[in-house]
Amino acid sequence: MKKITTIMLALMMVLFTQCKKENYNETDTNTDVKKVRIKCEIPIGGDKAERSDFTNLLTDGSIKWSAGTERIYLAVNHETKAQIVELSTDNPLESYILAFEGEVDETILVDGETYEVWYFGNSHTLGGTSYVSTTESAGKITKIDGSIANQSGSLSDLGYYHIAKAEVTATLESDGSFTLPLNGTLKNQMAIAYMDLSETTKLKGSAIIGTDYSLEYTDGEYKFIVDNETSVINIEGENDNPSKSFVVLLPNANDNVDIENDNWEKYTFRDGIVASNFYYKYISEVSIGTLKWEDNSIINGNAFVDLGLPSGLFWATCNVGASSPEEAGSLYAWGESETKSEYTLENSYTYGKYFNDISGNTKLDAATVNFGSEWRMPKQSEFNELFEHCGWESTSQNGVEGYKFIGTNGNHIFLPTCTIWTSTPSDGTDEYAYYVNLNGGVTYHSLESRHNGFSIRPVSGGGFETPEYQYAFVTTNEISNVGQNTAICGGNVINDNGFEITERGVCWSTSPDIDELYFSDNTYTNNGAGTGAYTSYIKGLRSNTTYYVWAYARSECGLVTYGERAEFTTLSQSADGQINGYDYIDLGLPSGLKWATYNVGATSPEEYGDYYAWGMTTTFAHGEYTEDNCDTDGVELGNIAGKPEYDAATASWGSTWKMPTWNQMLELMNNCEKEWVTISGVNGIKFTGPNGRYIFLPAAGYSERDLGLRNDGWVGQYWSSTPTYTDNYPNPPSEYTYTAETIYLNSGGAVYSGGSRYMGLTIRAVSE
């Protein structure tokens, strides 16, 4: 084949980082320095097992040695005489061993020390011109220059294009000479891509920058340098087989390295270019089957194609169980990951069971099971995307009929004539799933019985997130037998979705948000394992409280599935009695004090009731609770409990009802458990007395000046009958005539606080 003109190779690698203690004197011409012979032998003949690793630079395991002189270069970083030493051999093809020999100053090598050996392709002339040159100083080679002049060609030319190095350990022989056993891997410092260059006249990309190289010693360091003049290579002249061409690549550690041709087609190296790798993009007529795009189009060892789909989805090049795109591959019943000799209704695992979409299910998805966790079956919607965003045509490939789907970026996949499952079950049935039929035409949105054996073409990526398909199918029963502290629920695990159910039951919370759900000793039941229906008895609930319940199932893989949410409210706590027609609760307090079950002006514990300024028995509209409207603001008053002209509880409810004193509030705070709860959607503090009975004070907020009602649902503030005072001032001076004692509550608990008398606050009445 006619050699193709230069592509560009860019490579920067720092070698030999040790610095010598003093610079080598390049003008030193001392001819009395004793020389010693060094030899590096490389076996190249016989069985492949006898070869040196030197011959295994590329996948085909061979280097094309020239019929003329071959050279390798020993890089020696000695303390005082760092240099490059040339070792050469003549007519290597006449022997099964290449014996490279040369000379070095007697003191330059040390027995047992490690050095580097470099090989720069064939040093014989190509087209009459040598592409390896050396620069000498004081009889020492200090620099090597060259050019990878013909970087694109046929597979038969691959052996000519190497820049490689290996480490060797010097061994001092009895005659004073040194041997350098090359028993390590001579690793390529470049990479090669096997590419389809048909109808391509130009390539460009950061991985093919530079053609000229040099290895030199400068101030105690060896450096391998590649020139970076341009990033375009022109593909010109005749090519024996342009669809089977290779390109020499510059190693590049950056992600997503692209090489683009003049048709705007890209070969993307998603993990960068790695030295000594041989990359391969699938071509149907490739004769060397071991070549791979190892870093470009491989996920878990399986090749893929990026079709430029809107979702970013990658499609595998082959069906599950196939070794080429033309093969139909293995056949699977829907929801099964192993093949079988017969496909019947009787031996179908999923027929007759309800399933969610199984894409990515680690037991039911044959693509995930056989290709690895990053692969899965395509959903029905993802097949739709393929058909709607790709051009497709009926064609044949290597004698096999099928369809070629061409993406917007020019890349394509081939689907042979066959039937392919999607991961999507039919809606509302337990017998069918969607498939794509490529027999004599393209048919999709079709349903077929799950027991049939069809092919599977895997996909990967596409912004896919783990949805419900990984979970079992669970329903929640209706709530029954609701009491003050108990209820009956349950659920039904309709199927396990391929994973054994190790625990099932119901769990509940006072929050409707499932994200706030957690398992504790008194918030769930354990009703055994396995599928089927079960009944759950819920205990330990609070009366007059709204609960949200979910059936759940925990599978062997650790995932928890929840059924739909159910809701119920426990029965209210019955009153211990009435006084003058108003309910009360006996909390078992030391004083025997009875607390009303709801606020003055309310008819249930959850209602806020009326708002009063302190010492006032009439209410105002929100926005009118001001100093000017408050008759007690600035007035010296003692305790107003039971005084109908000041006590709104006494004035409204009569009999023995009155506002609680500060001491009575103190008794409530010190003798009751306090808990921020939500009852019938209303937030507040539940005070549970020593006898287990409780009262609920809703967070009714407060009304203040023209700001109106504020912070209802978040805070509550309740008047006592006691004006603000201190132990030092049992008879409050004027500065205490503007406030009175309150209980202030929020989600953090309940505390004592003072309140400005003009504010509109709620009142919870008491009776002795």
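Residues numbered from 1 in each chain as written. Predicted model: local features only at pLDDT ≥ 70, side-chain atom pairs only at ≥ 80, totals over all residues. Heavy atoms only, no water.

S.K.: Requested: an account of the environment of Val677, with residues and values cited.
M.R.: Turning to its location among the elements, Val677 is positioned in strand β42 (residues 673–679). Residues Val677 and Thr546, 131 residues apart in the sequence, show an inter-C-alpha distance of 10.0 Å. Each residue touching Val677, except ones within four places of it in the same chain, is listed here: Arg542, Val682, Asn683, Gly684, Lys686 and Phe696. (Helix = DSSP H or I, 4+ residues; strand = E, 2+ residues; numbered from the N terminus. Contact = heavy atoms within 4.5 Å.)

S.K.: Let's hear about the state of the cysteines: which residues, and what values?
M.R.: What is meant by a disulfide is a covalent connection between two cysteines, made through their sulfur atoms. In the structure shown here, the tally under the stated rule is zero disulfides. Cys507 provides the cysteine sulfur closest to Cys489, a residue in no disulfide bond, and the two sulfurs are 9.7 Å apart. Here Cys489 falls in the buried class, since its relative accessible area comes to 3%. (Disulfide = S-S within 2.5 Å. Buried < 20%, exposed > 50% of the residue type's maximum accessible area, 1.4 Å probe, protein only.)

S.K.: Give a detailed account of the sheet that holds strand β35 (residues 501–509), specifying residues and quantitative values.
M.R.: Consider a sheet: its strands pair through backbone hydrogen bonds, and that pairing is either parallel or antiparallel. If you walk across this open sheet you meet the three strands as β35-β37-β38, and the pairing is antiparallel. Of all the strands in the sheet, the pair left with one neighbour each is β35 and β38 (560–569). With direction set aside, neighbouring strand axes in the sheet form an average angle of 15°. Of the strand pairs in this sheet, strand β37 (residues 546–555) and β38 are connected by eight bridges, and their pairing is antiparallel. What sits directly across from Thr546, in β38, is Thr569. (Pairing = 2+ DSSP bridges. Axes fitted to C-alpha atoms, helices over the stretch in contact; angles between N-to-C directions.)

S.K.: So what about the environment of Lys204? Which residues, and what values?
M.R.: By the secondary structure assignment, Lys204 is in strand β15 (residues 202–204). For Lys204, a relative accessible area of 39% puts it in the partly exposed group. Once the C-alpha coordinates of Lys204 and Asn261 are considered, the two residues, 57 residues apart in sequence, prove to be 6.4 Å apart.

S.K.: Just give me the short version of the pairing of strand β33 (residues 473–476), but keep the residues and values in it.
M.R.: Across the two faces of β33 the burial differs, with Val474 and Thr476 buried and Phe473 and Thr475 not buried at all. In this structure, β33 lies alongside strand β34 (residues 487–495), joined through four bridges in antiparallel fashion. Counterpart to Val474 in the pairing with β34 is Val493.

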